[in-house]
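Analysis of the macromolecular model
Okay, here's what each chain looks like letter by letter:
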Amino acid sequence: MSELLDADGLEAALRAIGAVRYHNRHPFHTLLHSGKLTRGQVQAWALNRYYYQSIIPMKDAAILGRSADRNFRRAWRQRIEDHDGGDSGEGGIERWLRLTDAVGLDRDYVVSGAGLLPGTRFAVEAYLHFVRDQSLLEAVASSLTEMFAPAIISDRVSGMLTNYDFVDRVALSYFDKRLHQAPRDASFALDYVKREARLPQQQQSVLRALTFKCDVLWAQLDALYYAYVTPGYVSPGAFTPEQPA
């Protein structure tokens, strides 16, 4: 890309990445939302996804610490409270643990990370390293998968409530909060990226950052599909669902 896009053009290019690469298109999510996974497979998803949820405040703290703009920091720090919780109540991590409780997983086991797939660990830690090592602009741009989150959240909640009798709306309360948090966060990050990406090279780096983040989310589902759907090769030491009696 050698020509500078205007703000609308950059946003359109970012949204085009999500239309093709966001993980709502992954076959594992199709199975999850349509009720075609076993309880054990849902447990594997919830357990592995917890690791991603657990590093989000660390990711946001890394971004927060790199900005000299107090207005930016004031806005961005809300993300940490959203996930860690604060004076206003519990955060997203606690709500995710409510889900893992509901599907029958031991909370200490989930938090320990002992049952993680290697693919999950590598993908999640790659994301954390990315936001620490790349430019602040790229780190912010990598969060823009939140632009695409509301649609997948709506599909997930309705599909899981319809198809799995072991979850209820309380268990899925994490997603209710994200329906308004994600658009708020995405709007702030998108405005920042459109304002700060002033050169073609910067715009290109922004597009690459969003592509990378989509790949991180996709890779986590690849690992789940390979281990728990087809061909069903669970890594040594990773969580193994109990076989039905």
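Structure report, in brief. Small disclaimer: the values here were computed from a predicted structure and weren't measured. Sequence order as written defines residue numbering, which begins from 1 separately in each chain. Selection of residues for local features in this predicted model requires a pLDDT of at least 70, selection of side-chain atom pairs for listing and counting requires 80 or more, and totals for whole chains, interfaces and linings are taken over all residues. Side-chain measures were taken over the full set of non-hydrogen atoms in the model, leaving aside hydrogen atoms and water.

Once that is clear, we can look at the overall build of the chain. Only DSSP runs of H or I covering at least 4 residues are called helices, and only runs of E covering at least 2 are called strands; the numbering of each starts at the N terminus. Across its full length, the chain holds eleven helices and zero strands. Secondary structure elements in the chain, listed N-terminal to C-terminal, are α-α-α-α-α-α-α-α-α-α-α. It is over C-alpha atoms that the radius of gyration is taken, and the globule rule equals 2.2 Å times the number of residues to the power 0.38. Against the globule reference of 18 Å for 245 residues, the chain gives a C-alpha radius of gyration of 18 Å, in line with a compact fold. C-alpha extents for the chain along the principal axes are approximately 60 × 40 × 35 Å. For the chain, contacts bridging at least 24 residues in sequence account for 78% of all contacts bridging at least 6. A contact between two residues is defined here by any heavy atoms of the two lying within 4.5 Å.

A cis amide bond links Thr230 to the next residue, Pro231, at an omega of 5°. Relative to the helices and strands, Pro231 is located in the segment after helix H11 (200-228).

Throughout this description, the term nonpolar core refers to a set of buried Ala, Val, Leu, Ile, Met, Phe, Trp, Tyr and Cys residues connected via side-chain atoms within 4.5 Å. Working definition: with a 1.4 Å probe on protein chains only, accessible area under 20% of the residue-type maximum means buried, over 50% means exposed, and in between means partly exposed. Core analysis: the biggest nonpolar cluster contains 80 residues, and Leu14, Trp45 and Val193 have the highest contact counts within it. Looking at this core element by element, the count peaks at 13 residues for helix H3 (residues 39-64). Contacts of Trp45, omitting those with residues within four sequence positions, involve Phe28, His29, Leu32, Trp96, Leu99, Arg156, Met160, Phe175 and Leu224.

Take the packing of aromatic side chains next. Any two rings among Phe, Tyr and Trp, with Trp reduced to its six-membered ring, count as a pair given centres within 6.5 Å; such a pair is stacked if its planes are under 30 degrees apart, edge-to-face if over 60, and tilted if neither. What the rule picks out here adds up to 14 aromatic pairs. Their ring planes at 55° and their centres at 5.2 Å tell us that Phe72 and Tyr192 sit as a pair that is tilted. Here Phe72 is found in helix H4 (residues 70-84), whereas its partner Tyr192 is found in helix H10 (residues 173-196), with 120 residues between them in sequence. The buried category is assigned to Phe72, whose relative accessible area is 3%. A relative accessible area of 11% places Tyr192 in the buried class. Aromatic pair Tyr174 and Phe175: ring centres 5.3 Å apart, planes at 90°, arrangement edge-to-face. Note on Tyr174: relative accessible area 6%, which makes it buried. For Phe175, a relative accessible area of 2% gives the class buried.

The next thing to look at is helix H7 (residues 118-133). The length a helix should cover is 1.5 Å for every residue beyond the first. Helix length check: H7, at 16 residues, gives a terminal C-alpha distance of 22 Å against a target of 22 Å (1.5 Å per residue), a fit within 8%. Here H7 has its buried residues at Thr120, Ala123, Val124, Tyr127, Leu128, Phe130 and Val131. Down the axis, H7 shows its buried residues gathered within 155° of arc, on one side only. Seen from the open side of H7, the exposed residues pointing more than 90 degrees away from its buried face are Phe122 and Asp133. The directions considered for the arc are those from the helix axis to the C-beta atoms.

When a carboxyl oxygen of Asp or Glu is within 4 Å of a side-chain nitrogen of Lys or Arg, the pair counts as a salt bridge. Considering all chains together, one arrives at 15 salt bridges under this definition. Measuring nitrogen to oxygen at the nearest pair gives 3.2 Å for the salt bridge that ties Arg79 to Glu146. You can see Arg79 sitting in helix H4 and its partner Glu146 sitting in the loop between helix H8 (136-142) and helix H9 (149-163), a full 67 residues away along the chain. Each member of the pair, Arg79 as well as Glu146, is classed as buried. The partner of Glu196 in a salt bridge is Arg198, and the shortest N-O contact between them spans 3.1 Å.

Below, the discussion takes up the packing of H3 against H7. In contact at an axis separation of 9 Å, H3 and H7 are set at 10° when each is read in the N-to-C sense. Of the possible angle classes, the one that applies to H3 and H7 is roughly parallel. On the side of H3, the interface is formed by Asn48, Tyr51, Tyr52, Ile55, Met58, Lys59, Ala62 and Ile63, while H7 contributes Thr120, Arg121, Val124, Glu125, Tyr127, Leu128, Val131 and Arg132. Partitioned by chemical class, the residues of the contact of H3 with H7 number ten nonpolar, two polar and four charged. Here, axes are lines fitted to C-alpha atoms. For helices the fit covers the stretch in contact, and angles between N-to-C directions go from 0 to 180 degrees. Under this scheme an angle from 65 to 115 degrees is roughly perpendicular, one under 35 degrees roughly parallel, and one over 145 degrees roughly antiparallel; angles in between are oblique. Any residue outside Ala, Val, Leu, Ile, Met, Phe, Trp, Tyr, Cys, Pro, Asp, Glu, Lys and Arg is labelled polar, Gly included; the first ten of those are nonpolar and the last four are charged.

Everything listed here is a matter of geometry and, on its own, says nothing about what the molecule does.
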